[in-house]
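# Fold and geometry: a report
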Amino acid sequence: MTSFNNLKITVRSGERALDALKRSGVSVAGACGGAGVCGKCGVIFINNAPPATQEDKKFFTPEELEAGKRLACKAVADEDAEIGWNGDAGDIRVLDVFDTEMLKDIKIEEVRAVPVSVEKNDLDILRAVCGKAGAGSAAFGALVSLGAALAASRQATVYTRDNKIISVNQPPLGLSLDIGTTTLSFLLADLATGKTAACYSTVNSQREYGADVLTRIKAASPEEQPPADNAPTDSPPLGKLKEMRAAVHRDIERGVKEVLNAAGAAPEAVACFYTAGNTAMVQLLLGLPCETMGRSPFAAMFMSSGEFHSRELFPNLPLACPLYIFPAFSSYVGGDIVAGSYFCMSGTRKELLVDVGTNAEILLASGGVYYSASAAAGPAFEGGGIARGVAAVTGAIARVAARDGGLVFETIGGCPPVGICGSGVIDILAALKELEWMDETGRLTGEYFDTGVPVAEDAAGGQIRFYQKDIREGQLAKSAVRAGIEILLEEAGLKYGDIEAVYLAGGFGFYLGLESAFAIGMLPEEWRGVVRAVGNSALGGLYRAMLQGGDEPQRRAAVSSRNVNLAAHPNFQDLFAEYMFF
């Protein structure tokens, strides 16, 4: 049995264990948003364990229940108790790298360093400095720094870009932030040279409200119930929107400070801040109501590009620079995909970008037009819905192969196995097919149908098995992706062989075994040789925009995008059923 004694937390009488974890600053991966149906928030009651619930009995063995194991989201203490927790928040591997070959054509916007001085008779100091620097204006942050510098000395070095003073007495830096559903990735770069100054990644604390976008939207939205007789009709409750916004703001504030400290940089040196995320993450960042995104026609409050002052959104940060938010293609194909397209797609060739997670965002470029769609792949590619599924944490089984009539595996970090992550799921499906341990419908053969397939043994001697239900979860996910790809090709009048380049983005795409993806039919055979894993394409697109400037991302999203509603497409269900087979 796994030991849960890395951290001991007191649960007060009448308190839910999950709330005790939150009170103690522990971020819990709540894949189901606290509904008790994912089984991912297990804790050990060291003493005074409450009676096991029906949900506990579903996920834990009698021995585990006897030892005090409970779901934190369902366990309410009858009296003061202690729980043990060894959560994975600190171990999640965040993908903050991207294929730099995609940036070989980048043209960095010129930054000029100009020494200036002011005379006693210069009554309009800013005008005088701008004139000497050949600039038309100064950014607010630079103006503040300029005032301080000239108060100490009548001389300064100003840095200009695009006819504007953006920094004083220190080379200007650009900050990029990819707001992922699970993780946040920060990158700090020198705007003059393009060299990376520092990177930092962390977990998005909103994950305790649900692992996927739809669960987050539901958690942020008012509960659908008649208001109380005395409740004002013009002010419905906003669910957990306020708490969810505060959670991600704390993460971002901490992340900005960490990346600045890592680079040894002063906040005043940050001249611009670029960020992108899926549409729901941006809504939550801004604190905008999300309930319209959770029901047809799935309308978002904010999808256009936005320019803010950093202090408008983050008053607790010592930044004084403009903040740019990337626009979205649609409610479910967000600014992170726009950024990804800017990173790796030319817009002139026939290209496809696939970013696979709980939702698979697919973007097809053909003839200067972008066709976008979001396929509900489900949580299997991120370890959700799998009996021993985990995120991409240290010890996750990420590689599996058939060898000598059995399975061999590799884990992230080479550590003892703790569970199976998304890339491992795809490899297992391919290996089961190769070994003929499942048929073309996905049904396990022989005894494995009842017992599951043994994949590995964890550090405590427990069996990590892959069950029939796990196969179905993988089938649903791979079928949704393949059917979504084919629908977009149909809409653009293209065939598989017409595609010149396919880019797999994100952590799942980065670690995905391509041979396994071809073997199970997730990707068509015609794409051998044209598929390329590009890493964190959203962060790469932010980096490109930060250094290159211009409005190409906004133009792509606003002018030439056609969103395809897969659920409403007449051919989707037939294709989905067809690709369920192996």
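None of these values were measured; they are calculated from a predicted model.

Residue position: Gly461 is located in the loop between strand 21 (453-457) and strand 22 (463-466). On a C-alpha basis, the gap between Gly461 and Ile426 in space is 24 Å, while along the polypeptide they are 35 residues apart.

To continue, consider the confidence of the model for the protein chain. Looking at the protein chain as a whole, the pLDDT averages 86, with 91% of positions reaching at least 70. Note on residues 225-236: pLDDT is under 50 here. Beyond four places in sequence and across chains, it has 0 contacts.

The next subject is the pattern of salt bridges. Scanning all chains against the criterion turns up 12 salt bridges. Here Asp19 ties to Arg16 by a salt bridge, and the two come within 3.0 Å at their closest N and O atoms. Given the relative accessible area of 24%, Arg16 is considered partly exposed. Residue Glu473 pairs with Lys469 through a salt bridge whose shortest N-O separation is 3.5 Å. Within this pair, Glu473 and its partner Lys469 are both found in helix 13 (residues 468-492), separated by 4 residues, close to a single helical turn. If you follow the salt bridges from partner to partner, you end up with Glu515, Glu525 and Arg528 in one network.

Despite not being glycine, Asn163 has its phi angle at roughly 65°, a positive value. Structurally, Asn163 can be placed in the loop between strand 7 (155-161) and strand 8 (164-168).

Here Arg482 lies in helix 13. No salt bridge forms around the buried Arg482; measuring N to O, its nearest opposite-charge neighbour Glu486 is 4.3 Å away. In terms of polar contacts, Arg482 uses its side chain to reach the side chain of Tyr496, at 2.9 Å. Beyond its immediate sequence surroundings of up to four residues, Arg482 is in contact with Tyr496, Gly521, Met522, Leu523, Pro524 and Tyr579.

Rules used in this analysis
- Residues numbered from 1 in each chain as written.
- Predicted model: local features only at pLDDT ≥ 70, side-chain atom pairs only at ≥ 80, totals over all residues.
- Heavy atoms only, no water.
- Helix = DSSP H or I, 4+ residues; strand = E, 2+ residues; numbered from the N terminus.
- pLDDT = per-residue confidence, 0-100.
- Contact = heavy atoms within 4.5 Å.
- Salt bridge = Lys/Arg side-chain N within 4 Å of Asp/Glu carboxyl O.
- Buried < 20%, exposed > 50% of the residue type's maximum accessible area, 1.4 Å probe, protein only.
- Lys, Arg positive; Asp, Glu negative; His and termini not counted.
- Polar contact = N/O pair within 3.5 Å; in protein donor to acceptor, adjacent residues only side chain to side chain.

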